[in-house]
Amino acid sequence: MNRSASTEKTLLEQKRSPTQLVENRVCFAGPHSELSIYDTYEQAKKVSLKADSLLYCGMVTGAKVMHTKDHDNIAFLPHESFILAPQEEVFIDFPEAQRNSPTTCLTIAISKERVAQICDRMNDIMVKDLPSSVTLDPNQHLHTMHTQATQQLLDRLTSEFVQNDPDRDLLVDFGVSELVTRILRHHGRDALLRFSQNTPDANGLTCVIHWIEQHLALPLDINLLAKNACMSRSRFYESFKRQLGCTPLEYQHQRRMSRAYQRLQEKCSVTELSYELGYLSLSHFSRRFHQHFGISPRQVTQKKLNS
């Protein structure tokens, strides 16, 4: 560890020295945003959390149980993201918190104006080929296991908020913009997937998305997908990447991983799941899952809440 990183770690540890046992908070202001780190050292129930702006929550250690007005008893675990809309209130239980093993969560509050700016730009990028009923809404509920790339972004953002760097505010703003873009891409893919499931023949793109979802275990034939979309290969690639932010192969991988996480939570056998999703071996599936999420499939099946 270099001297700068060591100083930064020491500063953060000093600031996190607890002054209260439930939701001990340290915060760092940035442009259009604020990072907060919460440590809880004893079990507690129905602790309120609400913010005036969009609130991104990421679990670090331990486990929480979230209660919103629409959903109850939501297990919130490390490597997962949770989004609260402005003025939305959530009540939190801490079933595992202990003095020597605190439950830790970070939040990033992002101003409504900054979120709206990025959302407008994303809608401009995606609107050309999207059905009129599909628009991006950054304030809608999101609870999902995030990717390793998002985890790396959160680690980098935390460091940038804490450090005393002459370019700190610029770096924080870049990181927050990337985080909002990732959230919006997630919402856009989900909205497009729901639309393609209900109306697969709306256009060439929805037809292809529906086909991929129904055949996750099959290898992709790009020429066949382009034919189903009624496009040339080059136009299909360009349209797909503009709307989904990735290639068809990358999208299939993302959907396989999303399906895998869902099935693992249902206690599906890891071996059975690997073949269900078209992987030729358990080791190949496990390696791709770990690369994507940063933890192994068996770690997901072993997660428990002592509530």
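Everything that follows concerns the structure shown earlier in this document.
Residues numbered from 1 in each chain as written. Predicted model: local features only at pLDDT ≥ 70, side-chain atom pairs only at ≥ 80, totals over all residues. Heavy atoms only, no water.

Chemist: Just checking my understanding: could you explain the packing of helix H8 (residues 248–265) against helix H10 (residues 282–293) for this structure?
Modeler: The relative placement of two packed helices comes down to the angle between their axes together with the axis-to-axis distance. One can describe the packing of H8 onto H10 by two numbers: an axis separation of 11 Å at closest approach and a directional angle of 100 degrees. The angle between H8 and H10 places the two elements in the roughly perpendicular class. Seen from H8, the contacting residues are His253, Gln254, Met257, Ala260, Tyr261 and Leu264; seen from H10, they are Phe285, Arg288, Phe289, His292 and Phe293. Grouping the amino acids of the contact of H8 with H10 by side-chain chemistry returns seven nonpolar, three polar and one charged. (Axes fitted to C-alpha atoms, helices over the stretch in contact; angles between N-to-C directions. Helix = DSSP H or I, 4+ residues; strand = E, 2+ residues; numbered from the N terminus. Parallel < 35°, antiparallel > 145°, perpendicular 65-115°, else oblique. Contact = heavy atoms within 4.5 Å. Nonpolar A, V, L, I, M, F, W, Y, C, P; charged D, E, K, R; others polar.)

Chemist: Got a minute to help me understand the pairing of strand S7 (residues 80–84) in this structure?
Modeler: On any regular strand, side chains alternate: one points to one face of the sheet, the next to the other face. S7 sits mainly inside the fold: five of its five residues count as buried. Bridge analysis of strand S4 (residues 54–61) against S7 gives four bridges, and the strand direction is antiparallel. The partner of Cys57 across the bridge, within S7, is Phe82. Summarising the sheet, S7 and strand S10 (residues 142–145) pair through four bridges and their orientation is antiparallel. Of the residues in S10, the one forming a bridge with Glu80 is Met145. (Buried < 20%, exposed > 50% of the residue type's maximum accessible area, 1.4 Å probe, protein only. Pairing = 2+ DSSP bridges.)

Chemist: Can you help me understand the sheet that holds strand S1 (residues 24–30) in this one?
Modeler: Pairing between sheet strands relies on hydrogen bonds along the backbone, with the strands arranged either parallel or antiparallel. If you walk across this open sheet you meet the six strands as S1-S2-S9-S4-S7-S10, and the pairing is antiparallel. Strands with a single pairing partner mark the edges of an open sheet, and in this sheet they are S1 and S10. On average, each strand axis in the sheet is inclined to that of its neighbour by 15 degrees, with strand direction left out of account. Most of the contacts of helix H3 (residues 148–162) go to strand S2 (residues 33–40), to which it runs at about 100 degrees, and overall it touches S1, S2, S4 and strand S9 (103–110).

Chemist: Sorry, what's going on with the nonpolar core here?
Modeler: Generally speaking, a soluble globular protein has its nonpolar side chains buried in company with each other. Membership of the largest hydrophobic core comes to 33 residues, with the highest contact counts inside it found for Ile212, Phe236, Phe240, Leu244, Tyr251, Phe285 and Phe289. Listed by contribution, the elements that provide at least two residues to this core are helix H4 (168–198), helix H5 (204–214), helix H6 (222–228), helix H7 (233–244), H8, helix H9 (270–276) and H10. No other element matches the five residues that H8 contributes to this core. Beyond its immediate sequence surroundings of up to four residues, Phe289 is in contact with Met257, Ala260, Tyr261, Leu264, Gly294, Ile295, Ser296, Pro297 and Val300. Of all hydrophobic cores here, the second largest spans 28 residues; its members include Val26, Phe161, Val162 and Val180. (Core = buried A, V, L, I, M, F, W, Y, C linked by side-chain atoms within 4.5 Å.)

Chemist: Quick question: what am I supposed to make of the pattern of salt bridges here?
Modeler: Where side chains of opposite charge bring their charged atoms close, a pairing between them can arise. With the rule as written, the count across this model stands at 11 salt bridges. Note that Arg242 and Glu238 form a salt bridge whose closest N and O atoms lie 3.6 Å from each other. Taken as a pair, Arg242 and Glu238 lie in helix H7 at a separation of four residues, close to a single helical turn. You can call Glu238 exposed: its relative accessible area is 53%. The closest approach of N and O atoms between Glu276 and Arg263, which form a salt bridge, is 3.0 Å. (Salt bridge = Lys/Arg side-chain N within 4 Å of Asp/Glu carboxyl O.)

Chemist: When you look at the pairing of S2 in this model, what are you seeing that I'm missing?
Modeler: The buried fraction of S2 is high, at seven of eight residues. Here S1 runs beside S2; their pairing, made up of seven bridges, is antiparallel. Its bridge partner lying in S2, Gly30 is registered against Ser33. Sheet analysis places S2 next to S9, joined by eight bridges and oriented antiparallel. Bridging from a neighbouring strand, Thr40 pairs with Thr103 of S9.

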